[in-house]
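Below are the chains, spelled out letter by letter.
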Amino acid sequence: MGSGGLELPPGDEGHEGNSTDTPPGTVSLARPMETTSIGPELDWDADAWREVRTRAQRAGRAYIWLNLVEQRMRAVVAAVLRPIYEPVHGDDWVVAAAGPAGQEWVQRAVAVREVSRRKGYLLDPADDNTLSFLTLPQLRELMVQHWPCFQPYVDDRRDVELALDELEVTRNVVSRNRALSEAVLNQAERASARLLETLGTGGDVPSARRLPVDAVEDLVGDRYADVVAVHSDRVRLMRQFPAEDIFGGARRIDAVGIGLNLLVQNFSGRRLVRLADAGCRVRLLFLNPASSAVKRRERELGMKRGELSRAVEMNILHMRRVRSRLRDPGAFEIQVYDETPRFTAYLVDGDGPDGVAVVQSYLRRSRGMEAPVLVLRNGSRVVKPDERDEGVESGLFPTYREEFELAWLDSRPVS
């Protein structure tokens, strides 16, 4: 007799669940599945793992942005509303600020805070307050309810609300661990950056106008020296960081390589003329097209004899034509070197803290378009307080800048 008062059939073959001899009122038990059929269903192939990693990476990036925005919103709300309500209501100032319209969600936050206290979830005493348990929509509601208090500090309420609307989709997806598309992630990153700037936390990295500071770089940049991006080839670099973004508005360009195609073939001569006439100083260091190093490189790449040297020579001639159109040709220097080429580097504003560099190493069987690319930001490495006096290396940018200067001293000018 079962616990519910129903008789369970015996396990012999004469009384199986589908037998017509089962007494009335009995409950049929399904036979267990064969264990051999579970294995293949639980197995994840390479495509499944790739999809999981992609989802985790996108969700992680989105979470960092949402965390930054929420912390900033919490700080802004506290800075504006606490001086108004705390003198009268004390620790319950958030409850008072929510008012009758927000009683339901603010009381829920109070309850969650009490549960977190009892279970030991409050690891930092600074979080032991009701404000820390408000969600992003609730923080937004406080700001909207008291907009006259925030108006002196925020230019446009519509901009704030539009950015928060765009973030709401991402917040729901991340909180429920669902798939986040790349388009939605990009939208969330743009909205977060715009909102943080509106709320007065614009990045203080000078090169941010050329290469926007990423949330991940801002938080864990010290793990990667000054490398802010890695691309498997130059095509992927150009999709995310076009030549106009790299060189446009530069006040100094130093480049070394074989043919410097990234600059010569992807940035127009007219733009170079305008940059130079506006005060930009340019130093271009090509591999000598008549050197034996060019011939060795042709053999490595399986190119026809003279093919690479002619391409380099054409690039040099093109830059000479650009130089001839300048009011101050001395600001546009072209030189060649005869050594074995080791890398190509484009140092933009490399003499200041706002410098950006694009660096590629030469591989034996890969052309420059196919080689991996590093993007470096000068002076952006996060130095922790306990490292300031330990002579911590500043990153890769100074290394390539020094290599360029040494190569420049050993080269000769092109007339």
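Everything discussed here concerns the structure shown above.
Residues numbered from 1 in each chain as written. Predicted model: local features only at pLDDT ≥ 70, side-chain atom pairs only at ≥ 80, totals over all residues. Heavy atoms only, no water.

Peer 1: For this particular structure, what's the right way to read the overall build of the chain?
Peer 2: For the chain, the count of helices and strands is 16 helices and eight strands. When each of the 415 residues of the chain is scored for burial, the buried share is 39%. Here the analysis covers contacts within the chain between residues at least 6 apart in sequence; of these, 70% occur between residues at least 24 apart. When the accessible area of the chain is evaluated, it comes to approximately 24,100 Å², of which 50% is carbon and sulfur surface. (Helix = DSSP H or I, 4+ residues; strand = E, 2+ residues; numbered from the N terminus. Buried < 20%, exposed > 50% of the residue type's maximum accessible area, 1.4 Å probe, protein only. Contact = heavy atoms within 4.5 Å. Areas by Shrake-Rupley, 256 points an atom, 1.4 Å probe, with all protein chains shown as cover.)

Peer 1: Got a minute to help me understand the pairing of strand 5 (residues 343–348) in this structure?
Peer 2: Within a regular strand, side chains alternate between the sheet's two faces. Judged by how many residues are buried, strand 5 sits mostly within the fold: six of six residues are covered. As defined by bridge partners, strand 2 (residues 252–256) adjoins strand 5 across four bridges and the pair is classed as antiparallel. By the bridge assignment for strand 5, I253 is matched with V348. The pairing of strand 5 with strand 6 (residues 356–361) spans six bridges and is classified as antiparallel. For V348, the partnering residue across the bridge sits in strand 6 and is V356. (Pairing = 2+ DSSP bridges.)

Peer 1: Help me understand the nonpolar core, please; the structure alone is not making it clear to me.
Peer 2: Of all hydrophobic cores here, the largest spans 59 residues; its most connected members are F247, L284, F286, M319 and F332. The residues contacting F247, other than those within four sequence positions of it, are R210, I253, L262, L263, F267, L275, Y346 and V348. In terms of nonpolar packing, the next biggest core, distinct from the first, is built from 42 residues, V76, V77, L134 and L180 among them. (Core = buried A, V, L, I, M, F, W, Y, C linked by side-chain atoms within 4.5 Å.)

Peer 1: Help me understand the packing of aromatic side chains, please; the structure alone is not making it clear to me.
Peer 2: Aromatic ring pairs: the centre-centre distance and the angle between the two ring planes describe each pair. The full count for this structure, using the stated rule, is five aromatic pairs. Between the aromatic rings of F247 and Y346, the centroid separation amounts to 5.9 Å while the plane-to-plane angle is 70°, which identifies the pairing as edge-to-face. Of this pair, F247 sits in helix 11 (residues 243–247) while Y346 sits in strand 5; the two residues are 99 residues apart in sequence, bridging distant segments of the chain. No difference in accessibility class separates F247 from Y346, as the two residues are buried. Members of the aromatic cluster, connected to one another through ring pairs, are F247, F267 and Y346. A cation over an aromatic ring shows up here: R283 above the ring of W408, its NZ or CZ 5.3 Å from the ring centre. (Phe/Tyr/Trp six-rings, centres within 6.5 Å; stacked < 30°, edge-to-face > 60°. Lys NZ or Arg CZ within 6 Å of the ring centre and 35° of its normal.)

Peer 1: Teacher, can you tell me more about unusual backbone geometry here?
Peer 2: Phi angles above zero are rare outside glycine, and N177 is one such case at about 55°. You can see N177 is positioned in the loop between helix 7 (157–175) and helix 8 (182–198). Residue class for N177 comes out exposed when judged on its relative accessible area of 65%. In this structure, D349 takes a positive phi of about 55° despite not being glycine. Within the fold, D349 resides in the loop between strand 5 and strand 6.

Peer 1: Mind showing me how you'd approach the pattern of salt bridges here?
Peer 2: Inspection of the entire model under this criterion finds 27 salt bridges. Between R171 and E168 there is a salt bridge whose closest N-O contact spans 2.8 Å. Taken together, the positions of R171 and E168, both in helix 7 and three residues apart, correspond to about one turn of that helix. Judged by relative accessible area, which is 25%, E168 ranks as partly exposed. The salt bridge partner of R327 is D277, with a shortest N-O separation of 3.8 Å. (Salt bridge = Lys/Arg side-chain N within 4 Å of Asp/Glu carboxyl O.)

Peer 1: Would you mind showing me how to read empty space enclosed by the protein here?
Peer 2: The rolling of a water-molecule-sized probe over the atoms marks out the regions of remaining empty space. All chains considered together, the criterion is met by one cavity of 30 Å³ or more. Taken as a whole, the largest cavity holds about 30 Å³ of empty space. Taken together, the residues of the lining of the largest cavity sort by class into four nonpolar, no polar and three charged. (1 Å grid on protein atoms, 1.4 Å probe; cavity = no way out; pocket = protein on both sides within 12 Å on 5 of 7 lines; lining within 4 Å. Points joined across faces, edges and corners; volume = space filled by probe spheres on them. Nonpolar A, V, L, I, M, F, W, Y, C, P; charged D, E, K, R; others polar.)

Peer 1: Just checking my understanding: could you explain the environment of R299 for this structure?
Peer 2: Topologically, R299 is positioned in helix 14 (residues 292–301). Along the chain, R299 and R365 lie 66 residues apart, while their C-alpha atoms are 9.6 Å from each other.

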